[in-house]
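These are the residues of each chain, in order.
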Amino acid sequence: MDTTDKQQSDEELVQRFQNGEKKVLKKLIKRFHPLMKQTIYYQVQQQNPVEDIAQDCWYVIIEKLPELELKISFKAWALSIARRKALDWIRKKQQSAKNSSLIENRSASSTKSSTTDNSSSKLQKVRNAIQQLPGTQRIVLELFYLDNLTLQEISSVLNISNGTVKSRLFYAREKLKQIIS
């Protein structure tokens with residue numbers, strides 16, 4: 001089955017769910033849960049919170065599914081929810097760490113970065129570089145290269161113009177070149 005058939009069948013499953021066939025929800029979950037977990041893991045880089053974040057995503061999807069009008073593919077829509085939930089989790093974790101660092105005395109060892117241990121791997125170097133990108137550029141880059149979304153789909157997911165998507169993608173590539181070299 002090629003991707004257009006899969007997208008059509010995803011949309012068909014959504015339509016069937018909206019028409020009252022509640023059992024098709026299991027098919028959607030079975031189809032997208034592994035990809036959703038992979039997307040979340042890529043963002044948070046930790047295995048522990050992945051299931052909880054994925055579950056939160058499904059709550060949102062199931063809640064919005066009855067009145068959903070797909071302007072983009074279901075995959076793009078569902079993965080954008082996963083990405084946003086993962087980013088929310090990261091922000092909460094960073095805020096929690098910031099708050100605890102204000103309470104505790106900072107030690108010199110806690111402020112040192114461990115990136116030198118991981119610099120031997122090219123893949124890790126690229127991942128580190130991607131994490132250093134501004135959030136707006138990183139999201140566009142991930143949607144384009146990792147999720148294989150078109151510029152139009154990214155534009156719809158992020159609610160920005162095609163020109164903005166192209167610009168962010170261009171600057172993300174340029175910034176990556178600078179960081180890696």
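See the structure printed just above.
Residues numbered from 1 in each chain as written. Predicted model: local features only at pLDDT ≥ 70, side-chain atom pairs only at ≥ 80, totals over all residues. Heavy atoms only, no water.

### What about the packing of aromatic side chains?
Rule in force here: Any Phe, Tyr or Trp ring, taking Trp's six-membered ring, that has another such ring centre within 6.5 Å forms a pair; planes under 30 degrees apart are called stacked, those over 60 apart edge-to-face, and the others tilted. Secondary structure elements are taken from DSSP: a helix is a run of H or I of four residues or more, a strand is a run of E of two residues or more, and numbering for both begins at the N terminus. Burial status follows relative accessibility: with a 1.4 Å probe on protein chains alone, a residue under 20% of its type maximum counts as buried, one over 50% as exposed, and anything between as partly exposed.
Taken as a whole and judged by the stated rule, the model has 4 aromatic pairs. Measuring from ring centre to ring centre gives 5.0 Å for F32 and F74, while their planes differ by 65°; the resulting arrangement is edge-to-face. Placement of the pair is F32 in helix α2 (residues 24-44) and F74 in helix α4 (residues 74-103), with a sequence separation of 42 residues. Both residues of the pair, F32 and F74, belong to the buried class.

### Quick notes on the pattern of salt bridges
The cut-off we apply is this: Salt bridges, as used here, are contacts in which a Lys or Arg side-chain nitrogen is within 4 Å of a carboxyl oxygen on Asp or Glu.
In total, this model carries 6 salt bridges according to the counting rule given. The shortest N-O distance in the salt bridge between R91 and D88 comes to 2.9 Å. Taken together, the residues span about one helical turn, with R91 and D88 both in helix α4 at a distance of 3 residues. A relative accessible area of 49% places R91 in the partly exposed class.

### Brief notes about the environment of K23
Counting through the fold element by element, K23 comes out in the loop between α1 (3-18) and α2. On the basis of relative accessibility, which here comes to 63%, the residue K23 falls in the exposed class. Sequence-wise, K23 and L13 are 10 residues apart; in three dimensions their C-alpha atoms are separated by 9.7 Å.

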